[in-house]
Amino acid sequence: MTLNATSGNACPLPMKPTSNGGFQGDNPLDFALPLAILQICLVFLVTRGLAYLLRPLRQPRVIAEIVGGIILGPSAMGRNKSYLQAVFPPRSLTVLDTLANFGLLFFLFQAGLELDPKSLRKTRKQAMGIAIAGISLPFALGIGSSFILRDTIAKGVDSAAFLVFMGVALSITAFPVLARILAELKLLTTNVGRMAMSAAAVNDIAAWILLALAVALSGNSQSPLVSLWVFLSGCGFVVCSILIVPPIFKWVTQRCHEGEPVEEIYICATLVTVLAAGFVTDAIGIHAMFGSFVIGVLVPKDGPFASAVVEKLEDLVSGIFLPLYFVSSGLKTDVATIQGLQSWGLLALVIFTACFGKIVGTTVVSLSCKVPLNEALALGFLMNSKGLVELIVLNIGKDRKVLNDQTFAIMVLMALFTTFITTPLVMVVYKPARKSKLAVYKYKTIERKNTNSQLMILACFHSARNIPSMINLIEASRGTQNRDALCVYAMHLKEFSERSSSILMVHKARKNGLPFFNKRHHADSDYVVFAFEAYRQLSQVSIRPMTAISSMTNMHEDICATAERKRAAIIILPFHKHQRLDGSLETTRNDYKLVNRRVLEHAPCSVGILVDRGLGGSSHVSASNVSYCITVLFFGGGDDREALAYGARMAEHPGIRLVVLHFVVEPQIAGEIVRVDVGESCTTRLISEDEEVLSEFKLKIAGDDSITYEEKAVNDAAETVAIICECNQCNLFLVGLKPEGEVAYALKRSEHQELGPVGGLLVSQDFPTIASVLVLQQYHNGVPTKFEIELDT
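Calculation notes
Residues numbered from 1 in each chain as written. Predicted model: local features only at pLDDT ≥ 70, side-chain atom pairs only at ≥ 80, totals over all residues. Heavy atoms only, no water. Helix = DSSP H or I, 4+ residues; strand = E, 2+ residues; numbered from the N terminus. Buried < 20%, exposed > 50% of the residue type's maximum accessible area, 1.4 Å probe, protein only. Contact = heavy atoms within 4.5 Å. Areas by Shrake-Rupley, 256 points an atom, 1.4 Å probe, with all protein chains shown as cover. Expected span 1.5 Å × (residues − 1). Salt bridge = Lys/Arg side-chain N within 4 Å of Asp/Glu carboxyl O. Pairing = 2+ DSSP bridges. Axes fitted to C-alpha atoms, helices over the stretch in contact; angles between N-to-C directions. Core = buried A, V, L, I, M, F, W, Y, C linked by side-chain atoms within 4.5 Å. Parallel < 35°, antiparallel > 145°, perpendicular 65-115°, else oblique. Left-handed = near helix turned anticlockwise from the far one by under 90°. Nonpolar A, V, L, I, M, F, W, Y, C, P; charged D, E, K, R; others polar. pLDDT = per-residue confidence, 0-100. Phe/Tyr/Trp six-rings, centres within 6.5 Å; stacked < 30°, edge-to-face > 60°. Lys NZ or Arg CZ within 6 Å of the ring centre and 35° of its normal.

**Focus on the overall build of the protein**
Along the backbone of the protein there are 27 helices and 14 strands. Relative to its full complement of 793 residues, the protein shows a buried share of 55%. By sequence separation, contacts in the protein at least 24 residues apart represent 81% of the contacts at least 6 residues apart. When the accessible surface of the protein is summed, it comes to about 34,900 Å², and 59% of that surface belongs to carbon and sulfur atoms.

Shown next as structure tokens:
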């Protein structure tokens, strides 16, 4: 880099790190640190803004980051030379590239953590064949297209390196990007998703080996022996790492226990190991990222250690430093270099070659493996997605002078186009999320004529904190001693996000929506499986643990679809607040509040929301030790009848005492109670249904000392609340979400609409009780529940 001056050409002065401030005459943009801060902030705003705009199109964030880099570069905003000189001056690019590559180093370590060698060894021949086809045909077509490019716009480049770089660039499948696309489309645990993940993992490993070969061939030395030594030294590094790294990290993993924080020394030692590996591979002449990637692959994935390391890194690396790499690529990408019919024709050729090789190769092999046509096409489109790995290949080729500006721009646009079209095309050819075509099942509520029929429950939970109370509730729900009387699917709700730890989570719970029948395939630390397995063996309940991996915006779809598929009569959800040590309720996450409301709106069966105040304590209570008092507050309506039916079933358990309070209006209406006109026929029908159910219930409990039925005549809401307060010593309240009748209408509306007026009263700070609350909504033949829009509190 040179700078014209009056005295002639001279090298520009290096940028000082910090300025003295604008008040002392310094321009902060002339100094490295403030300029880097401005660049990072600008990159963050542009890329996250684009990600928000592209969210309705269900595009992965990498698309927004690639486009953001191009916009900030010479293709768009960089056409303004004043902006480019002020914000991205040439002498600042060294600092920017260093930060970008530093983030890349640790991101590739995380990418290595996402690849589990054990799962690769278990890859079926079907996925292996798809992976080989997805590599070989595009690689061959890439080499073929490289001859055309070399004769037109890439004259004078190193032939061997250019051939390999083009082959690698067209044959890559971005494993991290693919995983996030699958999660967005809810395909992670379908046959297509599992096959695509396995094939992409194999593809990723093969691509890195080919890229190492390409880098070795692209050195400055003209001697082929040097390239051979570089490649052999890289192989030697991998072999030494395989022999040394796994035993050390296995020793570290054994000293990290589930539920306990990982010691700082282990985290720091791991990060230093990543840096050291990067230094070794850079000294060899490959690239520093290869060393970090190899270390990531070799770190054991079992136990909490890998997840703890990723949690320490991912937000800073993926959120701040990695987007700098896309901007660094965008600053090298000038779309204006693609000029003339020939250049645009070459762009079309490269895009066609990339898509044809991946889609056709994958589809043909999939069809030969007897995969249905729509799944084969979906696999072809999914394997065609590119991403960060593609940009890494292109940037290395650009830095090594293998790709010139025009070729680089063409390849970047190809990567952008192929990734962008993946989601829309897959949605067109493969739609597993369609509404289930299962036959309508009979029992969608707890209230039913045949009370001896099997009760199917889908019990959901967020964390280990929910498990003891959920198991105790299930124990109370089993009623009779008949083993087949109750079947429970316990679903662990896990959030899938853009974070790298989400991929590790997928590896640990690949059976999304399916029972963990084979316990040997899961880590010893899988407390969820063991908790429910232990309860299943000790009780007379058929219980199956499951896992749902979804984003918070569509988690309710997984819950509702599973409930319909498993023919559940009720879905039980945990309230979005948990109890603190002082007895007050603290918000876990407001996102779970929205999930609960969406389930209430779209559920194919009844729904219960459990406000947990330690039902039975912090551990599972055995059947012989169960001693609960359960209170049903009955006002009227379908939801209250559902609560009564659930309470009647619980009362069959020998350790449970049931109290039913039926609130009725005094003959003389007074005070706050006001008659509400809901239609004469509707009122008559509700009263007749309630009276019929209550008559049957009273007849059934005659002579049963464990059940108490009382009618409470009230004049106003104050009397109602006072009577409820007298029952605050019970263990569990069962109430309806929307009780009906004049007494219920007089109660104050709750701030938590998903709990209704009675449930809201029972969880309020003013109500003196330590009892848990189960709020029930009865299934009303598909009529959706609507909630008023309110501000989250």
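Back to the write-up after that little detour.
**A short note on helix H14 (residues 340-368)**
For an α-helix the count is 3.6 residues per turn, leaving residues at separations of three or four pointing the same way. When the terminal C-alpha atoms of H14 are compared, their 42 Å separation across 29 residues agrees well with the 42 Å that a helix rising 1.5 Å per residue should span. Just past H14, the residue Lys370 takes up positive phi, approximately 65°.

**Notes on the pattern of salt bridges**
Following the criterion strictly, the structure yields ten salt bridges and no others. Residues Lys698 and Glu711 are paired through a salt bridge, measuring 4.0 Å at the closest nitrogen-oxygen approach. Taken together, the residues Lys698 in helix H24 (residues 680-700) and Glu711 in strand S12 (residues 707-714) connect sequence positions 13 residues apart. When its relative accessible area of 47% is taken as the criterion, Glu711 is described as partly exposed.

**Thoughts on the sheet that holds strand S14 (residues 772-777)**
Judged by pairing direction, the sheet is mixed, and its ten strands sit side by side in the order S5-S4-S3-S6-S9-S14-S13-S10-S11-S12 without closing on themselves. Every other strand in the sheet has two partners, leaving strand S5 (542-550) and S12 as the edge strands with one partner each. Averaged over all adjacent pairs, the angle separating strand axes in this sheet is 20°, with direction ignored. In the sheet, strand S13 (residues 732-736) pairs with S14 via five bridges, with the strands oriented parallel. What sits directly across from Phe733, in S14, is Val773. Across the face of the sheet, helix H18 (residues 467-477) comes into contact with strand S3 (455-461), strand S4 (486-495), S5, strand S6 (570-574), strand S9 (606-611), strand S10 (628-634), strand S11 (656-665), S13 and S14 while running at roughly 170° to S3. Packing against the sheet, helix H23 (residues 638-650) makes contact with S3, S4, S6, S9, S10, S11, S13 and S14, and its axis sits at approximately 145° to S13.

**Considerations on unusual backbone geometry**
With a phi close to 65°, Lys370 is a non-glycine residue in the positive phi region. Tracing the backbone through its elements, the reader meets Lys370 in the loop between H14 and helix H15 (373-383). In this structure Lys370 comes out as exposed when scored by relative accessible area, which is 78%. Phi is positive for Lys401, which is not a glycine, with a value near 65°.

**A look at the nonpolar core**
Phe88, Leu108, Trp208, Leu211, Met289, Phe305 and Ile392 are the most contacted members of the largest nonpolar core, which has 139 residues in total. Other than its neighbours up to four places away in sequence, Met289 contacts Leu104, Leu105, Leu108, Trp208, Leu211, Ile392 and Ile396. Judged by nonpolar contacts, the second largest core, of 57 residues, contains Met546, Phe575, Ile609 and Leu761.

**As for the packing of helix H4 (residues 93-114) against helix H13 (residues 305-332)**
Where H4 meets H13, the axes come as close as 7 Å, and the angle between the chain directions of the two elements is 140°. Classified by the angle their axes make, H4 and H13 are oblique. The handedness of the crossing between H4 and H13 comes out as left-handed. Of the residues in the contact of H4 with H13, the class split is 19 nonpolar, five polar and two charged.

**Remarks on the confidence of the model for the protein**
With 83% of its residues at a pLDDT of 70 or more, the protein has an overall mean of 80. Confidence drops under a pLDDT of 50 for residues 1-9, and excluding neighbours within four residues, the segment shows nine contacts in the predicted structure. Across residues 670-681, confidence stays below pLDDT 50; counting only partners more than four residues off in sequence or on other chains, it has 19 contacts.

**Details of the packing of aromatic side chains**
Under the counting rule described, the total for this entry stands at seven aromatic pairs. Note on Tyr83 and Phe88: the rings are 6.2 Å apart at their centroids and 75° apart in plane angle, and the pair reads as edge-to-face. Here Tyr83 falls in the buried class, since its relative accessible area comes to 14%. Between Trp251 and Tyr266, the ring centres sit 6.3 Å apart and the planes meet at 85°, which makes this aromatic pair edge-to-face. A residue pair is termed long-range when its members are at least 10 positions apart, and Trp251 in helix H10 (residues 224-254) and Tyr266 in helix H11 (residues 264-284) qualify at 15 residues. Residue classification places Trp251 among the partly exposed residues on the basis of a relative accessible area of 43%. Overall, Tyr266 belongs to the buried group, its relative accessible area being 14%. Across the ring face of Phe408, the terminal group of Lys398 is positioned such that the distance to the ring centre comes to 6.0 Å.

**Describing the packing of helix H6 (residues 125-152) against H14**
Helix packing for two helices is described by the angle between their axes and how far apart those axes are. One can describe the packing of H6 onto H14 by two numbers: an axis separation of 8 Å at closest approach and a directional angle of 160°. Judged on the interaxial angle alone, H14 and H6 are roughly antiparallel. Like other packed secondary-structure pairs, H6 and H14 cross with a definite hand, here right-handed. Here H6 contributes Gly129, Ile130, Ala133, Gly134, Leu137, Pro138, Leu141, Gly142, Ser145, Ile148, Leu149 and Thr152 to the contact with H14, which in turn contributes Gln342, Leu346, Leu349, Val350, Thr353, Phe356, Gly357, Lys358, Gly361, Thr362, Val365 and Ser366.

**Some points on the environment of Ala648**
For Ala648, the location among the structural elements is in helix H23. For Ala648, a relative accessible area of 17% corresponds to the buried category. Along the backbone, Ala648 and Glu447 are 201 residues apart, and their C-alpha atoms lie at a distance of 9.7 Å.

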